[in-house]
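# Commentary on secondary and tertiary structure
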Amino acid sequence: LNTEWTDISHPEDLPADLEYFSKFKSGEIDGYEMDKRYIRPDGSAAWVHMVISPLELTDSREYHLCLIDDISKRKELEKTISDSEKSRAILMDNLPGMAYRCRMDSYWTMEFISQGCIALTGYQVADLIDNARMFFFDLIHPEDRQYVWDTVVKSVDQRGTYTLEYRITTADGVE
């Protein structure tokens, strides 16, 4: 009963919360919501999603409603995913050659390509993602296209792995 919400709000989140709350109390905004941290009695932080809205009762005093949802697990998962994506990016950006993920369509539409694409093909990653400027299919030497397609389709159908060597044509026309 003797603890104010400002006392348990994380110091890094308090300024934004105070600014929103001031605008809410002055009528500048109708309500607000935000993700913020509360400090638990043991000193650890709990992430919450908070929604503030007016609450009208029969007396003349002004009230507000504060709904709080604990999102600590979601925030932990988001951090884990972010850390994993950073690790993947570091790995992919330092691989020799090119790693990619593509659709099994007739153009080999690229969804992800490592930075090794530039050194190997002469094309920027953005040129090939979603066929922005170039189809990956067009980089495969015409005499190798059917072999590559057949090998990949067979391996995918059998849920197997494959290793392929095939010729490509680089941005400067070298095969």
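Residues numbered from 1 in each chain as written. Predicted model: local features only at pLDDT ≥ 70, side-chain atom pairs only at ≥ 80, totals over all residues. Heavy atoms only, no water.

Once that is clear, we can look at the packing of aromatic side chains. Considering all chains together, one arrives at seven aromatic pairs under this definition. Each ring, one from Phe 24 and one from Tyr 32, has its centre 6.4 Å from the other, and the planes form 70 degrees; the classification is edge-to-face. Assigned by exposure class, Phe 24 and Tyr 32 land together as buried. Chaining the aromatic ring pairs together yields one cluster made of Trp 5, Tyr 20, Phe 21, Phe 24 and Tyr 32. (Phe/Tyr/Trp six-rings, centres within 6.5 Å; stacked < 30°, edge-to-face > 60°. Buried < 20%, exposed > 50% of the residue type's maximum accessible area, 1.4 Å probe, protein only.)

Under the criterion given, the structure shown has 15 salt bridges. Measuring nitrogen to oxygen at the nearest pair gives 3.0 Å for the salt bridge that ties Arg 101 to Glu 111. Remark: Glu 111 occurs in strand β5 (residues 110-113) and Arg 101 occurs in strand β4 (residues 100-102); sequence separation between them is ten residues. The exposure class assigned to Glu 111 is partly exposed, which follows from its relative accessible area of 34%. Through salt bridges with shared partners, a single network forms among Asp 35, Arg 74, Lys 75 and Glu 78. (Salt bridge = Lys/Arg side-chain N within 4 Å of Asp/Glu carboxyl O. Helix = DSSP H or I, 4+ residues; strand = E, 2+ residues; numbered from the N terminus.)

Once that is clear, we can look at a nonpolar patch on the surface. On the surface, a nonpolar cluster with roughly 320 Å² of combined accessible area is contributed by Leu 55, Leu 57, Leu 65 and Leu 67. Tracing the chain through its elements places Leu 67 in strand β3 (residues 63-70). Judged by relative accessible area, which is 48%, Leu 67 ranks as partly exposed. (Patch = residues over 30% accessible without salt bridge, like charges linked within 9 Å, V, L, I, M, F, W, Y side chains within 5 Å. Areas by Shrake-Rupley, 256 points an atom, 1.4 Å probe, with all protein chains shown as cover.)

Remember that the coordinates give geometry; whether it matters functionally is a separate question.
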